[in-house]
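Notes for the structure review
Here's the letter readout for the chains.
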Amino acid sequence: MSQIIHFLPALLTGLKLTVTLVVISALAGTVIGVALGLAATCPLAPARWISAIYTNVIRGIPPLVILFFMYFALPILFPALAFSAMVTGIIGLSVYTAAYMSEIIRGSVLAVPRGQSEAADVLAMGYFLKIRYILLPQATKIALPSGVGFLISLVKASALASVIGVTELTDEGHIVSTLNNEPLTVFIVVAVLYFIISYPLALVGRHYERKLA
């Protein structure tokens, strides 16, 4: 117990960075993902193409490769885009999040009963008015459980930021376990801290699934 108290502050510092990574990446990625998801249902063909290319390319690349590319390769091509490890981690995870949120939003918009869209057309509502007042509010409710499920995956994916030097929870656990030679105890605590972040999100997802059912 005394050992846990000794290294817990360091792990809590890593937890703080993990939460920061997840929150900022989730917010930025969701905003971009909503825009891309709506573009995928837009009547303008170029908007659909851009959304489809971005989504298919990013979803086909492991997030670890995205982080490696943005931290090591991109600054070679464009030196002005050399950022700190933390900023690169946020950008990389945001790019990753946007692709998946785009698909969630696209699927949710298409899941709205067709009669809703037809009724808006009868009222001569333009595409953007129809999206804003008819489709998006209903699609948001449909997307919420899937979005929460993806956020749980994002919490776990945030551990990949350690490979580019972000001292988040997993990396902090590795450092502490190396110093005190107690990897079992340290990583049990690390797992518990990840569970503390993820489990409330799972409860929120289940709550909305029951409401939708």
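Here is what the cut-offs are and how they apply
Residues numbered from 1 in each chain as written. Predicted model: local features only at pLDDT ≥ 70, side-chain atom pairs only at ≥ 80, totals over all residues. Heavy atoms only, no water. UniProt positions renumbered as here; feature names shortened; annotations may be inferred. Helix = DSSP H or I, 4+ residues; strand = E, 2+ residues; numbered from the N terminus. Buried < 20%, exposed > 50% of the residue type's maximum accessible area, 1.4 Å probe, protein only. Contact = heavy atoms within 4.5 Å. Expected span 1.5 Å × (residues − 1). Bend = angle between axes of the 7 residues up to and from the residue. Patch = residues over 30% accessible without salt bridge, like charges linked within 9 Å, V, L, I, M, F, W, Y side chains within 5 Å. Areas by Shrake-Rupley, 256 points an atom, 1.4 Å probe, with all protein chains shown as cover. Salt bridge = Lys/Arg side-chain N within 4 Å of Asp/Glu carboxyl O. Core = buried A, V, L, I, M, F, W, Y, C linked by side-chain atoms within 4.5 Å. Axes fitted to C-alpha atoms, helices over the stretch in contact; angles between N-to-C directions. Parallel < 35°, antiparallel > 145°, perpendicular 65-115°, else oblique. Left-handed = near helix turned anticlockwise from the far one by under 90°. Nonpolar A, V, L, I, M, F, W, Y, C, P; charged D, E, K, R; others polar.

The protein goes by Amino acid ABC transporter permease in an unreviewed UniProt entry, where it is assigned to Flexivirga alba. Recorded in UniProt for the protein, the comment headed Sequence similarities (unreviewed entry) runs: "Belongs to the binding-protein-dependent transport system permease family." Looking at the protein in UniProt, the text filed under Subcellular location (unreviewed entry) is "Cell membrane".

**Some remarks on the environment of phenylalanine 83**
Among the secondary structure elements, phenylalanine 83 is positioned in the loop between α3 (63–77) and α4 (85–111). For phenylalanine 83, a relative accessible area of 39% corresponds to the partly exposed category. C-alpha of phenylalanine 83 to C-alpha of tyrosine 71: the two residues are 12 residues apart in sequence and 7.5 Å apart in space. Dropping the residues within four chain positions of it, phenylalanine 83 is found in contact with Tyr71, Thr88 and Ile91.

**As for α3**
The end-to-end C-alpha distance of α3 is 20 Å, a good match for the 21 Å that 15 residues give at a rise of 1.5 Å each. Of all the bends in α3, the greatest measures close to 40 degrees and is centred on methionine 70. Looking at the buried side of α3, the elements it contacts are α2 (45–59) and α4.

**Remarks on unusual backbone geometry**
Phi angles above zero are rare outside glycine, and asparagine 181 is one such case at about 55 degrees. The topology assignment puts asparagine 181 in the loop between α7 (169–180) and α8 (183–212).

**Points about the UniProt feature "transmembrane region" (unreviewed entry) in the protein**
Taken from the UniProt record, the annotation "transmembrane region" (unreviewed entry) applies to residues 17–40, 52–74, 80–99, 142–164 and 184–204. With 70% helix and 0% strand, residues 142–164 has end C-alpha atoms that lie 35 Å from one another. Between the end C-alpha atoms of residues 184–204 the distance is 31 Å, and the span holds 100% helix and 0% strand.

**Some remarks on a nonpolar patch on the surface**
A grouping of Leu184, Ile188, Val192, Phe195, Ile196, Tyr199 and Leu203 is seen on the molecular surface, where their side chains present a nonpolar patch of about 690 Å² in accessible area. For isoleucine 196, the position within the fold is in helix α8. On the basis of relative accessible area, isoleucine 196 is assigned to the exposed category, the value being 51%.

**What to know about the nonpolar core**
One recurring pattern in soluble globular proteins: nonpolar side chains tend to sit buried together. Among the nonpolar cores identified, the biggest contains 43 residues, and Leu11, Leu154 and Leu169 are the most heavily contacted of them. When residues of this core are traced back to their parent elements, those giving at least two are α1 (2–40), α3, α4, α6 (127–157), α7 and α8. Excluding residues that lie within four positions of it along the chain, leucine 154 makes contacts with Val22, Ser25, Ala26, Leu93, Tyr96 and Thr97.

**Overview of the packing of α3 against α4**
In a packed pair of helices, the relevant descriptors are the angle between the two axes and the axis-to-axis distance. Contact geometry for α3 and α4: axes closest at 9 Å, N-to-C directions at 135 degrees. As far as their axial angle goes, α4 and α3 are oblique. In this structure, α3 meets α4 at a crossing whose hand is right-handed. Between α3 and α4, the contacting residues are Pro63, Ile66, Leu67, Met70 and Tyr71 on the first element and Ala85, Thr88, Gly89, Ile91, Gly92, Leu93 and Tyr96 on the second. Classifying every residue of the contact of α3 with α4 by side-chain character gives nine nonpolar, three polar and no charged.

**Some details on the packing of α4 against α6**
Contact geometry for α4 and α6: axes closest at 8 Å, N-to-C directions at 150 degrees. Taken together, α4 and α6 sit at an angle that is classed as roughly antiparallel. As for the relative orientation of α4 and α6, their crossing is right-handed in sense. On α6, the residues touching Leu93, Tyr96, Thr97, Tyr100, Met101, Ile104, Ile105, Ser108, Val109 and Ala111 of α4 are Leu135, Ala139, Ile142, Ala143, Ser146, Gly147, Phe150, Leu154 and Ala157. Here the residues of the contact of α4 with α6 are counted per class, giving 15 nonpolar, four polar and no charged.

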